[in-house]
Amino acid sequence: MTKDAAAVFIQGWWRGTLVRRTLLHAALRAWIIQCWWRQMLTRRLAKKRRSVLEYYARREWAAVKVQSWFRMWRIRRCYCRLLNAARVIQVYWRWHNCHTRGFIQGCYELKENLLNLRLEISLGSQAYRVTQRIPLPIKE
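My aim in this report is to walk through the structure given alongside it, one point at a time. The structure presented is a predicted model; accordingly, all values stated were derived computationally and were not measured.

**Some words on the overall build of the chain**
A count of helices and strands for the chain gives one helix and three strands. Taken over the C-alpha trace, the chain has a radius of gyration of 48 Å; the compact-globule value for 140 residues is 14 Å, which it surpasses by more than 25%. Here the C-alpha coordinates of the chain stretch approximately 145 × 50 × 10 Å along the principal axes. Expressed as a percentage of contacts within the chain between residues at least 6 apart in sequence, the contacts between residues at least 24 apart total 9%. With an accessible surface of roughly 13700 Å², the chain has 63% of that area assigned to carbon and sulfur atoms. Within the chain, one finds 28 positive and 7 negative side-chain charges whose respective centroids are separated by 18 Å.

Rendered as structure tokens:
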């Protein structure tokens, strides 16, 4: 092999090495860009999934809330009817007791060491009023 042929061979080898290195760098850069793009797509997909899941959860929560309010309203309506019926029964019972047995009604007020007591006692058609001030023993 002559010097010229050897020089051409070495130059060819060197150029091939440079081209392969350039191609390798280009392939690595393309691979890095592809990895980055896949990562971005994964993040975008995860973000979209999360937003869809949050939307679904919000809709489900709203439906559950409406159902809960409706059930509460239905039960409260039933409860209020029963409460009203109980009040009617109590009014009639108290009226009956008041006219047959009588009742005691009163209030009290506590000031320092003194108890003010006001009572009204009804027995049928008669009414008695009692007002009393009771001193309280306070130990010092």
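**What to know about the packing of aromatic side chains**
By convention here, two paired aromatic rings are described through the distance between centres and the angle between planes. This model, assessed by the stated rule, comprises three aromatic pairs. A ring pair is formed by Trp-13 and Trp-14, whose centres lie 6.1 Å apart and whose planes are at 45°; its orientation type is tilted. Considering the side-chain rings of Trp-36 and Trp-37, the 6.1 Å spacing of their centres and the 45° angle between planes classify their relative orientation as tilted. You can call Trp-36 partly exposed: its relative accessible area is 47%.

**Quick notes on the sheet that holds strand S2 (residues 114-123)**
Ordered in space as S1-S2-S3, the three strands form an open sheet in which the pairing is antiparallel. Each edge of the open sheet is held by one strand with a lone partner, namely strand S1 (103-111) and strand S3 (126-135). Within the sheet, the average angular offset between the axes of one strand and its neighbour, ignoring direction, is 10°. The pairing of S2 with S3 spans 10 bridges and is antiparallel. By the bridge assignment for S3, Leu-123 is matched with Gln-126.

**Some details on the pairing of S1**
Both S1 and S2 contribute to a ladder of nine bridges, which runs antiparallel. Bridge pairing in S2 links Gln-105 to Glu-120. Hairpin connection from S1 to S2: two residues lie between these consecutive antiparallel strands, with Glu-112 at a positive phi of about 45°.

Rules used throughout
Residues numbered from 1 in each chain as written. Predicted model: local features only at pLDDT ≥ 70, side-chain atom pairs only at ≥ 80, totals over all residues. Heavy atoms only, no water. Helix = DSSP H or I, 4+ residues; strand = E, 2+ residues; numbered from the N terminus. Rg over C-alpha atoms; globule rule 2.2 N^0.38 Å. Contact = heavy atoms within 4.5 Å. Areas by Shrake-Rupley, 256 points an atom, 1.4 Å probe, with all protein chains shown as cover. Lys, Arg positive; Asp, Glu negative; His and termini not counted. Charge placed at Lys NZ, Arg CZ, Asp CG, Glu CD. Phe/Tyr/Trp six-rings, centres within 6.5 Å; stacked < 30°, edge-to-face > 60°. Buried < 20%, exposed > 50% of the residue type's maximum accessible area, 1.4 Å probe, protein only. Pairing = 2+ DSSP bridges. Axes fitted to C-alpha atoms, helices over the stretch in contact; angles between N-to-C directions.

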